[in-house]
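Okay, here's what each chain looks like letter by letter:
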Amino acid sequence: ERRRRGKGKMAKSKAGDDGSAAKKRKRKEPSDPDVGGAKSKKVAGASAKKRGGATAEQRWRPMPVRLDFGSAFCRHVFLRAPSKGTEGAEEGTALFVAAVPPGWSKSTLREFMSRFGDVADASLVTLDSAPDVAGGLVRFADARGTKRALAAAVRGGAPLDPPDSTARSVGLESWVADFRDAAPPPEVLQSRIDQWWVEFEAETARKEAAARGAGEDDGWTVVEAKRGRRKTTDGEGTSVGGIRAATADARRTEGPKIRENFYRFQQREKRRNELFELKQAFAADKDRVAKLKASRKFKPV
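Residues numbered from 1 in each chain as written. Predicted model: local features only at pLDDT ≥ 70, side-chain atom pairs only at ≥ 80, totals over all residues. Heavy atoms only, no water.

## Side note on a positive patch on the surface
The test is simple: Here, patches come from residues exposed beyond 30% relative accessible area and free of salt bridges, joined within 9 Å for like charges and within 5 Å for nonpolar side chains (Val, Leu, Ile, Met, Phe, Trp, Tyr). Surface accessibility in these figures is a Shrake-Rupley result with a 1.4 Å probe; residues are shielded only by whichever protein chains are displayed. In what follows, salt bridge is the name for a side-chain nitrogen of Lys or Arg lying within 4 Å of a carboxyl oxygen of Asp or Glu. Asp and Glu count as negative and Lys and Arg as positive, but His and the ends of the chain are not part of the count. Taken as the charge centre is NZ of Lys, CZ of Arg, CG of Asp or CD of Glu, depending on the residue. A run of H or I in DSSP becomes a helix once it reaches four residues, and a run of E becomes a strand once it reaches two; helices and strands are each numbered from the N terminus. When accessible area is computed with a 1.4 Å probe and restricted to protein chains, residues below 20% of their type maximum are described as buried, those above 50% as exposed, and intermediate ones as partly exposed.
A cluster of basic residues, R264, R268, R271 and R272, forms a positive patch on the protein surface. Take R268: it is sitting in helix 8 (residues 264-294). Residue R268 is classed as partly exposed on the basis of its relative accessible area of 43%.

Set out below in C-alpha cells:
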C-alpha cells in the first residue's frame, strides 16, 4: 500500500512539471506568425532609422582585390551608393570608392572599375593628413555598371585581379626591366653623342684659334710644359719620342745587342752542356779524393 501511494505522488509531480513547461513555451511562442514577422520588421525599421535611414545600397560593401597577379593575399576596396544630392545619385550611376590601394591613380581606378561597365568619369581624393588613404567617386554610363559592381562587392567572395597597368615583373624579369629602364633610349643617346661632338669640336677650334693668336704676337710661340714623357712632333704633325744625345750615340757605336740563346733549341743545348760539365767536375773531384786517401801515411786497420 505504501508503494502504491509513493508511485501515485511521483506521477502527479511529473504531470505538474510537464504542464508548467508547456505553459512557459506557450508564453514564449507567438500565437500568430505574422505578428512575429511584423515585430521583427518594426525592429529593423527602427534600427534603420537610427542609422539615418541608409538603404542597403548606401552601406559600405567590401570588395576583395589581390595585391598582385596570382597573389594569395588581398585587400578590400569599399563601395557604396552616394546619398541624394550627389551627381549621378538619382540615376543610380555613381559609386563612392574608399580604401583605394596606395599607388593607384585616377586612371588606374577607372581601369579597375571599367570591368563592370563603361565609366563616364572617375575622381580620386587623397588627404594630406593620411596620404596612404585615398577615396573617390566613379560614375558609370548607365546603372547596370553600378549594380554589377555592388553585386561583386561581397565579403569572403572571390578576389579580383588588380588593373593590368599595375602589373610588375619579379625575379630575373624585374632585373632586366630595371636595366632597360636605366639605359636611355637610342634617340636620347644619339642626341647626347651629337651634342658632345659639337662641344668637343667647338673647344678644339677655340684652342687652335688661341694658339694661332699667341704665335702671331711678335713672332713668339708660347711653350707649355707638360708632365710625363717628352714628345716632339715633326713637320707633318707626327709625334716622335725624344731621347738623350748620349743614348743615341751609344746605340750608333755599339749597335744592336745580340741576344744569346734566343731560340728554344739553343736553350736546351745550353742546359745539356751545363749538365755534362757538372758531371765531369764531379768525376774529377771523386778521383782527387781517392788519390788523397791513397797517399795518406797513417793507415788505420
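Alright, that's what it looks like, and here's the rest.
## Observations regarding the pairing of strand 2 (residues 74-80)
Let me state the cut-off plainly: Here, strands pair whenever DSSP counts at least two bridges between them.
The sheet contact formed by strand 1 (residues 61-66) and strand 2 spans six bridges and is antiparallel. Note that in strand 2 the partner of P64 across the bridge is H76. Across three bridges, the pairing between strand 2 and strand 3 (residues 94-100) is antiparallel. Bridge assignment links R80 to a residue of strand 3, and that residue is F96.

## What about the packing of aromatic side chains?
Applicable threshold: In this analysis, rings of Phe, Tyr and Trp, with Trp reduced to its six-membered ring, are considered paired at centre separations within 6.5 Å, and the interplanar angle assigns stacked below 30 degrees, edge-to-face beyond 60, and tilted for intermediate values.
Inspection of every chain in the model, using the stated rule, returns six aromatic pairs. Ring centres of W196 and W197 lie 5.2 Å apart, and the angle between their planes is 80°; on these two criteria the pair is classed as edge-to-face. With a relative accessible area of 48%, W196 lands in the partly exposed category. On the basis of relative accessible area, W197 is assigned to the partly exposed category, the value being 43%. Between F262 and Y263 the ring centres are 5.3 Å apart and the planes differ by 85°, which places this aromatic pair in the edge-to-face class.

## Points about the nonpolar core
Threshold: The nonpolar core is taken to be a set of buried Ala, Val, Leu, Ile, Met, Phe, Trp, Tyr and Cys residues, with the residues joined through side-chain atoms within 4.5 Å. Note on contacts: a residue pair qualifies if any of its non-hydrogen atoms lie within 4.5 Å across the two residues.
Membership of the largest hydrophobic core comes to 21 residues, with the highest contact counts inside it found for M63, L79, M113, V138 and F140. Looking at this core, the elements with two or more residues in it are strand 1, strand 2, strand 3, helix 3 (106-113), strand 4 (119-126), strand 5 (134-140) and helix 4 (143-152). Not counting residues within four places of it along the chain, the set of residues in contact with V138 comprises T93, A94, L95, V97, L109, M113, V119, D121 and A122.

## A few points about helix 3
This is how the line gets drawn: Note that the arc is defined by the directions from the helix axis to the C-beta atoms.
Taken as a whole, helix 3 has its buried residues at T108, L109, F112 and M113. Buried residues of helix 3, viewed axially, fall in a sector of 125°; they line one side. Tucked into the core, helix 3 has its buried residues touching strand 1, strand 2, strand 3, strand 4, strand 5 and helix 4.

## Regarding the sheet that holds strand 2
Short version of the rule: Here the axes come from fitting lines to C-alpha atoms, over the contacting stretch only for helices, and the angles between their N-to-C directions go from 0 to 180 degrees.
With respect to topology, five strands assemble into an open sheet ordered 1-2-3-5-4, the strand pairing being antiparallel. Unpaired on one side and paired on the other, strand 1 and strand 4 mark the two borders of the sheet. Strand-to-strand twist of the sheet, defined as the mean angle between neighbouring strand axes without regard to direction, takes the value 25°. Along the sheet face, helix 3 touches strand 1, strand 2, strand 3, strand 4 and strand 5 and points at about 135° away from the line of strand 4.

## Structural notes on unusual backbone geometry
Even without glycine at this site, A99 takes up a positive phi of about 60°. Looking at the secondary structure, you find A99 in strand 3. With relative accessibility at 23%, the residue A99 sits in the partly exposed group.

## Comments concerning the pattern of salt bridges
Close approach of charged atoms lets side chains of opposite charge pair. According to the stated counting rule, one finds four salt bridges in the structure shown. In this structure, D161 and R66 form a salt bridge, with 2.7 Å as the shortest nitrogen-oxygen distance. Within this pair, whereas D161 is found in the loop between helix 4 and helix 5 (172-182), its partner R66 is found in strand 1, the two being separated by 95 residues in sequence. In this structure, R144 and D142 form a salt bridge, with 2.9 Å as the shortest nitrogen-oxygen distance. We classify R144 as exposed; its relative accessible area is 54%.

## Description of a nonpolar patch on the surface
On the surface, a cluster of nonpolar side chains totalling about 520 Å² of accessible area is made up of L189, I193, W196, W197 and F200. Residue placement: I193 occurs in helix 6 (residues 186-215). Relative accessible area serves as the criterion here: at 39%, I193 is assigned to the partly exposed category.

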